[in-house]
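Breakdown of the fold
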Amino acid sequence: MQALMMNTQLMISSILENAEKNFPEVEMVSVTADNPLHRQSYRRFGERCRQLANCLDSLGAVFGDRIGTLAWNDYRHMELYYAVSGSGMVCHTINPRLFPEQISYIINHAEDKILFVDLLVMPLVEALKQHLTKVEAIVVLTDKEHMPKSSFSNVLCYEELLSSETAHYEWPSFDENTASGMCYTSGTTGNPKGVVYSHRSTIIHALAGALPDVTCASNMETTLPIVPMFHVNAWGAPYAALMVGMKMVLPGPKMADGETLHQLITSENVTFSSGVPTIWLALLDYLEIEKKSVPSLRRVSVGGAACPRVIVERFKENHNCTVVQGWGMTETSPLGTVFNLKKGMEDFSEDEIIDLQCLQGRGVFGIEMIIVDENNQELAWDGVAFGALKVRGPWVAKSYYGLSDIPGSEECPVDDNGWFETGDVASITPEGFLQITDRTKDVIKSGGEWISSIEIENAAVNHADVAEAAVIGRYHPKWTERPLLIIVLQPERSLTREGMLDFLTKSLHKMSVPDDVVFVNELPHTATGKINKLGLRKTFEKYQFPID
Ligand code: ADP
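Please read these numbers as outputs of a predicted model, since none were measured by experiment.

This part covers the pairing of strand β5 (residues 114–118). Judged by how many residues are buried, β5 sits mostly within the fold: five of five residues are covered. Alternating residues of β5 divide into Ile114, Phe116 and Asp118 and Leu115 and Val117, and every residue in both groups is buried. Here strand β3 (residues 66–70) runs beside β5; their pairing, made up of four bridges, is parallel. The residue bridging Ile67 from the neighbouring strand is Ile114, located in β5. As judged from the five bridges shared by β5 and strand β6 (residues 137–141), these two strands associate in the parallel manner. What sits directly across from Ile114, in β6, is Ala137.

Near the ligand lie 16 residues; those nearest to it are Gly326, Thr330, Asp424, Arg439 and Lys530. One of the backbone nitrogen or oxygen atoms of Thr330 is found 2.7 Å away from an oxygen atom of the ligand. Here a nitrogen atom of the ligand sits 3.0 Å away from a polar atom, N or O, in the side chain of Gln360. For the shell around the ligand, the element with the highest residue contribution is strand β14 (residues 322–328), accounting for four residues. Classifying every residue of the shell around the ligand gives four nonpolar, nine polar and three charged.

This brings us to the sheet that holds strand β7 (residues 155–157). Spatially, the seven strands line up as an open sheet ordered β7-β6-β5-β3-β4-β8-β9, and their pairing is mixed. A single partner strand is all that each edge strand has here, and the edge strands are β7 and β9 (194–198). The mean angle between the axes of side-by-side strands here comes to 25 degrees, regardless of whether they run parallel or antiparallel. Bridge count for β6 against β7 is three bridges, and the pairing is parallel. For Val139, the partnering residue across the bridge sits in β7 and is Leu156.

What follows concerns the sheet that holds strand β23 (residues 466–476). Spatially, three strands are ordered β23-β24-β25 in an open sheet, and the strand pairing comes out mixed. The open sheet has two free edges, formed respectively by β23 and β25 (516–519), since each of these has just one partner strand. Neighbouring strand axes in the sheet, compared pairwise and without regard to direction, differ in orientation by 25 degrees on average. Summarising the sheet, strand β24 (residues 480–489) and β25 pair through four bridges and their orientation is parallel. The residue bridging Leu485 from the neighbouring strand is Val517, located in β25.

The rolling of a water-molecule-sized probe over the atoms marks out the regions of remaining empty space. For the coordinates displayed, the defined rule picks out three cavities of 30 Å³ or more. In terms of lining residues, the largest cavity is bounded by 13 residues, among which Asn95, Leu98, Cys183, Tyr184 and Phe230 are the most central. Split into classes, the residues belonging to the lining of the largest cavity amount to six nonpolar, seven polar and no charged.

This next bit is on helix α8 (residues 237–244). The buried fraction of α8 amounts to eight of the eight residues, a majority that puts the element mostly inside the structure. By the burial criterion, the buried members of α8 are Ala237, Pro238, Tyr239, Ala240, Ala241, Leu242, Met243 and Val244. Two residues or fewer past α8, Gly245 is found with a positive phi of approximately 75 degrees.

The next subject is the packing of helix α11 (residues 309–319) against helix α12 (residues 350–357). Contact geometry for α11 and α12: axes closest at 9 Å, N-to-C directions at 130 degrees. Relative to α12, the element α11 lies oblique. At the point where α11 passes α12, the crossing takes the right-handed sense. Facing Arg309, Val312, Glu313 and Lys316 of α11, the residues of α12 in contact are Glu350, Asp351, Ile354, Asp355 and Gln357.

Next up on the list: the domain arrangement of the protein. Assigned domains within the protein: domain 1 (12–23 + 33–199 + 223–247), domain 2 (256–441) and domain 3 (444–539). On the domain 2 side, the residues contacting the 26 residues of domain 1 number 26 residues. Roughly 2,100 Å² of surface becomes buried between domain 1 and domain 2 when both sides are summed, with 67% attributable to carbon and sulfur atoms. Considering only the surface of domain 1 that becomes buried against domain 2, Leu224, Ile226 and Trp235 emerge as the three largest contributors, covering 35% of it. Linking domain 1 with domain 2 are two salt bridges. Between Lys247 and Glu268 there is a salt bridge, and its shortest N-O distance comes to 2.8 Å. Taken together, the links from domain 1 to domain 2 amount to 10 residue pairs in polar contact (both at pLDDT 80 or more). At the level of elements, β2 (35–41), α4 (100–110), β8 (179–184), β9 and β10 (222–225) are the ones that each hand at least two residues to the side of domain 1 that touches domain 2.

About the thresholds
- All residue numbers here refer to positions counted from 1 along the written sequence of the relevant chain.
- Predicted model: local features are reported for residues with pLDDT of at least 70 only, side-chain atom pairs are reported and counted for 80 or more only, and whole-chain, interface and lining totals are derived from all residues.
- Side-chain metrics rest on all non-hydrogen atoms present in the structure, leaving aside hydrogens and water.
- Only protein chains enter the accessibility calculation, which uses a 1.4 Å probe; a residue whose area is less than 20% of its type maximum is buried, one above 50% is exposed, and one in between is partly exposed.
- Every helix listed is a DSSP run of H or I at least four residues long, and every strand listed is a run of E at least two residues long, numbered separately from the N terminus.
- The criterion for strand pairing is that DSSP finds at least two bridges linking the strands in question.
- We call a residue near a molecule or strand as soon as one heavy atom of that residue lies within 4 Å of the molecule or strand.
- Two N or O atoms form a polar contact when they lie within 3.5 Å of each other; inside protein one atom must be a possible hydrogen donor and the other a possible acceptor, and for residues adjacent in sequence the pair counts only when both atoms belong to side chains.
- Ten residue types, Ala, Val, Leu, Ile, Met, Phe, Trp, Tyr, Cys and Pro, are classed as nonpolar, four, Asp, Glu, Lys and Arg, as charged, and the remainder, Gly among them, as polar.
- Lines fitted to the C-alpha atoms define the axes, with helices restricted to the stretch that makes contact. Angles between their N-to-C directions range from 0 to 180 degrees.
- Detection works on a 1 Å grid of protein atoms alone, calling trapped sets that fit a 1.4 Å probe cavities and calling open sets with protein on both sides within 12 Å along at least five of seven lines pockets, with lining residues defined by an atom within 4 Å of a point.
- Grid points are joined across faces, edges and corners, and a volume is the space filled by probe spheres set on the points.
- Reported orientations rely on four angle classes, namely roughly parallel under 35 degrees, roughly antiparallel over 145, roughly perpendicular from 65 to 115, and oblique for the rest.
- Here is the rule for handedness: rotate from the far helix to the near one, and if that takes an anticlockwise turn smaller than a right angle the crossing is left-handed, while a clockwise turn gives right-handed.
- In this description, contact between two residues means that some pair of their heavy atoms is separated by no more than 4.5 Å.
- Throughout, the edges of the domains are those of an automatic or database domain assignment.
- Buried area is understood as the total, over both parts, of accessible area removed when two parts are fitted together, assessed with a 1.4 Å probe.
- Whenever Lys or Arg places a side-chain nitrogen within 4 Å of a carboxyl oxygen from Asp or Glu, that contact is recorded as a salt bridge.

Here is the structure:
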């Protein structure tokens, strides 16, 4: 029997229409390269999205065309999110921090027809000119006054284009499974791979993300997404915010600038913000050095990499702010798990609650997860057993753009039973809290035992003298592999190898205490700010452990 409900297609444009109708006066505040503080209402935002949709038509873009963006978090990038997807094209966000050859590979692979580029990113695009042979037009995200000189013949000005169009545009309705957006993984092994989101996956993901136990998005809140809009749709914030009419504050190119972030949070009364651990460490340092506070900020979400305990503690103790850790990937849109207490846990001691915040959170409705051993046998959720993490759900990728979609094939990330293989190693507690212990390729196999590099790194950064720590497995004649700890010290500290090992012995299992500690001036990072373990393994290729 068929249901008798309307078959309304889930369209990203409907989120925009909702915001215009129900929250026309709510503000979107942005920092941009050409304006230190821009403000517009959702009403004005809606008008400009329609003008932009008309521009895309005038530029000859048609349904299904990929439109590339190289931009920071601001109102113009938001307009692209809605106008491009809303008119049936694919909003392809590109990370300007990737290596130049990766950027040109991604643009060419996706066959982007038009590129919308932030003023500050134009020099990078100019340098790629000879590789961008298929791009038909480059639109600089600025006004006439700030237009840069360019060697491209097809460069246009965003504000000039918009002002020549009307705000009348009827958003089309089409199959909700149509591609709405694209984001390439950073490709630590091989070429970057294209993840293609749909209107349906994006809307369901944003609905789940807005739930009280997830981000608790609401019209009463003001959000500051510091996580970039060029990477996994800023964790869905651009959609969830307009669904519930949440005021948005967008930091533009200033996302790593403690002073600007502090100013935005205090002057705009930001209550919720999201970002990777490095951003929070930078902000906390700034606040402590300058003796400043952020009284309006109640919750911050952290993800993309394991959240060091010190972040949770410093936010709690110094700013009375709760850290909400989440786990996800480009391929999972990204929400997979998010921290939130279960009933009864509110009576836990402060330390026990912090322990839970340092895990990766609980599964969000819509995401199923399992952990399996080397023989693909499902493991218990007992908080002890750990194995390869697999997930599935309506906002998880089933294949990559242009690569095989046959489950079980080398190019396809999905196994024969339809589970997406995350490449992460994890355990899950009986209460359903996920703990990522490693990447499959980073886990250290010592004498048949698995040792978590993340556990050692977390323990090491808890030492006040340590600024950053990374652990890699290196060959050991007896154990096959043992952990090597590589450390960057805080300025003017003199922690020794022995001091570090003593400290670690107190918190780690004997087996996990590294065999050696090496001090370096800096660690290599990937374009998304994560420690580049591949690079480290290369640097320490010839390293040998001291013989006892
Ligand atoms: P990229 O592929 O560009 O590095 P992703 O955001 O897709 O970017 O990376 C996803 C990976 O980041 C996950 O598979 C996991 O290894 C790691 N990750 C994400 N969130 C967390 C977290 N809270 N704790 C530990 N690792 C995390």
